[in-house]
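So you can see what is in the structure, the chains are spelled out below.
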2 protein chains.
Amino acid sequence: MPGITEFGTLDLSCIRQRVDSALDDFFDTKANKVDSPEQQELIALLRRFLAGGKRIRSTLCTVGWHAITGHEALPPSAVLRTAASLELFHAFALIHDDVMDNSASRRGMPTIHRYLAARYADRRSPQQAECLGISGAILLGDLALAWSDELLHAAGLTPAELAGVLPIIEAMRNEVMHGQYLDVITTGRPTADTARALDIIRYKTAKYTIERPMHIGVLVGGCAAEAIRAAVSAYALPIGEAFQLRDDLLGVFGSPEQTGKSILEDLRDGKHTYLMALALRHADSDQRNLLYELLGNPELDEHGAAQIRGVLQATGAPAIVEHMISNRRRRALAVLADLPFPPPAIEALKNFALRATARIS
Amino acid sequence: MPGITEFGTLDLSCIRQRVDSALDDFFDTKANKVDSPEQQELIALLRRFLAGGKRIRSTLCTVGWHAITGHEALPPSAVLRTAASLELFHAFALIHDDVMDNSASRRGMPTIHRYLAARYADRRSPQQAECLGISGAILLGDLALAWSDELLHAAGLTPAELAGVLPIIEAMRNEVMHGQYLDVITTGRPTADTARALDIIRYKTAKYTIERPMHIGVLVGGCAAEAIRAAVSAYALPIGEAFQLRDDLLGVFGSPEQTGKSILEDLRDGKHTYLMALALRHADSDQRNLLYELLGNPELDEHGAAQIRGVLQATGAPAIVEHMISNRRRRALAVLADLPFPPPAIEALKNFALRATARIS
């Protein structure tokens, strides 16, 4: 979703540069401390992986800080480093996610496990190289998680700030892993259970991507008030849900040139998305059988995908999901109107809400 | 290695019980906080996984505390919880290690990925179930890592103690992941590079299993003196190396009934152990070709394993490794004689050194 972080009148491109600098400093320090070529390789690999990110989480964290402090100037480095640590955590989540989904590429580059499999293919069987790639990616993900801790602990927050942030970080980790686990155990066997599909969206995306980064930003901005945190959630959760609902729609109906995502992957995996659960719920028995037959088939081709799209449209599910997206966007924007935040922060959050839920197909 | 933690006159079985209680309390608190059956399932799974552990790291951490404080009474709960957090970290390392090594069982039970694959096999292809098992194990490992942090942060250490412990924890994580990565990229292609094999042992085992847990124990015991930490390393590193050298010997020559480990696994994986690197270095070209042909063959059978053992013996590598083990044990025991620790701690460390390096075949 290119341009999703260009939201509002705050100078977010400048914030992004500072977050990137914080990451660069972290990697430079790491690279200066280690001597083995393998450690250097892992540092370089993670640095390159992070280079293509949209920085949604670090930006929302920083906007949370702006919202409380009212400063339009750049946040202090402790806040930028805290925000940057969320990007290292996200690298961990994505690298493991790519292994779990067996994805071949991300942001137009080979995924870490594919890259390492190719890098170490020499004098190994394809299967050995594949295993090596997976093992290396698991380890690089683990390292990114450990390093997100290191960056957070060394961010320069006061002891009181750090003590306030840690429980939110812990909640965030538990939530995203819970969401991922629900995703994993439902993948390959989608059902008509829409409540479960919403749970996955909430934990895997809405809380992790929007709510918790904002909670952290608000907290390091100096506000620990429960009412403000709840108001942030009232904005963040519907927007996060709408964001994922849009993503799921684009995963089936979007244009791969614009989304950068294969249109077959979710279908071949048999992802238990809300869209699919809803379609299964509204399908007649012929439609349901066809969906069960096609979803999760690793050999699914463009013709099969077109059949699925036909059934989805016939059940009315995409239109209902569009309606849910509008609904959630409206609710989030209504919350914004009541938030006691300065206009530039409100503007940024409003633009984010619009962009995160917009059609791109 | 049954009984390895029964070392010395300190009441280590009581320490072990208290560490287990700290883990139980942690899991109970977790279980009370979550409501979904999937979260309960993951908690139960991790609890069961941890039940069979030898508690080497938590025990050595606690012995480090005893060594500094001189108390023979039980350490305070903050120390026990810190020690217990090492066991949660170790669960993370083992669960991911089992995925990376594609191991079928651990401590006589199915590994986590195998268990989950069987648990969710219904209406999935064998390949889908296998992928699900791997994904679930990656996530449960991630969760164990996150929870080791939670237990450490909530252990009740003073801010100064925690600030002292964190850099050691960070070093430990980096070291074990570095060692694992070296292991991963050399597996399947063992060479005569003995220096690299020693690096793997040092990072993956000696530092992670012995040195860092003791450093943490000594620190929470109140000693931050560099000289004491260096003396601990002078004991810990040779014992840790000897421990792994013994493990590698047993992995090829041991009796599976006594070690609980398959004698084929390391050979089928083509692990770059010190033993193997040494054999390749001393082998003539026929022997070397035979080793290259057999090592890393996933179909290797008992006959092939016997051929490998024959070549190893003919190169003299096992005898050299035995000699290295004795040498390292002697060096570690000599260090102990000079350590300013109270007799019960010295006794415990001496017994550990003897047991960790003893033959069991």
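Residues numbered from 1 in each chain as written. Chains lettered and ligands numbered in written order. Predicted model: local features only at pLDDT ≥ 70, side-chain atom pairs only at ≥ 80, totals over all residues.

*Asks:* Tell me about the overall build of chain A, residues and numbers included.
*Replies:* Looking only at helices and strands, one finds 16 helices and two strands in chain A. Taking 21 Å as the expected radius of gyration for a compact globule of 361 residues, we find that chain A reaches 21 Å, a close match to that expectation. For the C-alpha atoms alone, the extent of chain A along its principal axes is close to 60 × 60 × 30 Å. When contacts within chain A are restricted to residue pairs at least 6 apart in sequence, long-range pairs at least 24 apart make up 77% of them. (Helix = DSSP H or I, 4+ residues; strand = E, 2+ residues; numbered from the N terminus. Rg over C-alpha atoms; globule rule 2.2 N^0.38 Å. Contact = placed C-beta atoms within 7 Å.)

*Asks:* Would you mind going over the environment of alanine 283 of chain B in detail, with residue names and values included?
*Replies:* Residue and element names in this part refer to chain B. Positionally, alanine 283 belongs in the loop between α12 (274-282) and α13 (285-294). Classification of alanine 283 by C-beta neighbours within 10 Å gives buried; the count is 21. Along the chain, alanine 283 and alanine 137 lie 146 residues apart, while their C-alpha atoms are 39 Å from each other. Beyond its immediate chain neighbours, meaning those up to four positions away, alanine 283 contacts Arg288, Leu291, Val311 and Thr315. (Buried ≥ 20, exposed ≤ 12 C-beta atoms within 10 Å, placed from the backbone.)

*Asks:* I'd like a description of the relation of the copies chain B and chain A, backed by residues and values.
*Replies:* Each copy of the sequence occupies a distinct position, and chain B is placed on chain A by a rotation of 180° and an axial shift of 0.0 Å, giving an RMSD of 0.0 Å. Within this description, the copies of the chain are treated as partners about a two-fold rotation axis. When you check the interface residues of chain B against chain A, 100% turn up at the interface there too, and the contact is symmetric in its surfaces. (Least-squares fit on C-alpha atoms with pLDDT ≥ 70 in both.)

*Asks:* Which residues make up the interface of chain B and chain A, and what values do they have?
*Replies:* Opposite the 38 residues of chain B that make contact, chain A presents 38 residues. Counting residues per element, the ones that place at least two in the side of chain B that touches chain A are α2 (37-51), α4 (77-100), α6 (126-153) and α7 (159-186) of chain B. Take the side of chain B that touches chain A: its biggest share by element is 14 residues, from α6 of chain B. Here the side of chain B that touches chain A is composed, by residue class, of 18 nonpolar, 11 polar and nine charged. (Nonpolar A, V, L, I, M, F, W, Y, C, P; charged D, E, K, R; others polar.)

*Asks:* Talk me through the packing of helix α9 (residues 226-253) of chain A against helix α16 (residues 343-357) of chain A; I want residue IDs and the actual numbers.
*Replies:* To characterise two packed helices, one gives the angle between the axes of the helices and the distance between these axes. Residues and elements named next belong to chain A. Between α9 and α16, the shortest axis-to-axis distance is 8 Å and the interhelical angle comes to 25°. Relative to α16, the element α9 lies roughly parallel. Between α9, through Tyr235, Ile239, Ala242, Phe243 and Arg246, and α16, the contact on the second element is made entirely by Leu349, Ala353, Ala356 and Thr357. Across the contact of α9 with α16, the residue classes tally to seven nonpolar, one polar and one charged. (Axes fitted to C-alpha atoms, helices over the stretch in contact; angles between N-to-C directions. Parallel < 35°, antiparallel > 145°, perpendicular 65-115°, else oblique.)

*Asks:* Account for the environment of alanine 51 of chain B, with residues named and values stated.
*Replies:* Within the fold, alanine 51 of chain B resides in helix α2. Sequence separation between alanine 51 of chain B and threonine 273 of chain B is 222 residues; the distance between their C-alpha atoms is 29 Å.

*Asks:* An account of unusual backbone geometry is requested, with residue identities and associated values reported.
*Replies:* Backbone geometry at asparagine 102 of chain A places phi at a positive 50°, although glycine is not the residue there. By the element assignment, asparagine 102 of chain A lies in the loop between α4 (77-100) and β1 (105-106). Looking at asparagine 102 of chain A, the number of C-beta atoms within 10 Å reads 18, which means it is partly exposed. For arginine 123 of chain B, which is not a glycine, the phi torsion comes out positive at approximately 55°.

*Asks:* Could you give me a rundown of the confidence of the model for chain A, with the residues and numbers involved?
*Replies:* Of the residues in chain A, 97% have a pLDDT of 70 or more, and the chain-wide mean is 94. As scored by the predictor, the complex reaches a pTM of 0.95 and an ipTM of 0.95. (pLDDT = per-residue confidence, 0-100.)

*Asks:* Report on the nonpolar core, specifying residues and quantitative values.
*Replies:* Ranked by internal contacts, the top residues of the largest apolar core, which has 224 residues, are Ile95, Ala144, Leu275 and Ala279 of chain A together with Ala144, Leu275 and Ala279 of chain B. Considering each element in turn, this core owes the most residues, 15 residues, to α6 of chain B. Beyond its immediate chain neighbours, meaning those up to four positions away, alanine 144 of chain A contacts Leu46, Leu88, Ala91, Phe92 and Ile95 of chain A. (Core = buried A, V, L, I, M, F, W, Y, C linked by C-beta atoms within 7 Å.)

*Asks:* Residues and numbers for the packing of helix α1 (residues 12-33) of chain A against α4 of chain A, please.
*Replies:* Residue and element names in this part refer to chain A. Here α1 crosses α4 at 75°, and the two axes come no closer than 9 Å. Between α1 and α4, the angle is such that the two are roughly perpendicular. Across the interface between the two elements, Arg18, Val19, Ala22 and Leu23 from α1 touch Leu80, Arg81, Ala83, Ala84 and Glu87 from α4. When its residues are assigned to classes, the contact of α1 with α4 shows six nonpolar, no polar and three charged.

*Asks:* For the environment of glycine 221 of chain A, give the residues involved together with the corresponding values.
*Replies:* All names here are of chain A. With respect to the helices and strands, glycine 221 occurs in the loop between α8 (194-220) and α9. Judged by the 24 C-beta atoms lying within 10 Å of it, glycine 221 falls in the buried class. Along the chain, glycine 221 and threonine 69 lie 152 residues apart, while their C-alpha atoms are 5.7 Å from each other. The residues contacting glycine 221, other than those within four sequence positions of it, are Gly64, Trp65, Ala67, Ile68 and Thr69.

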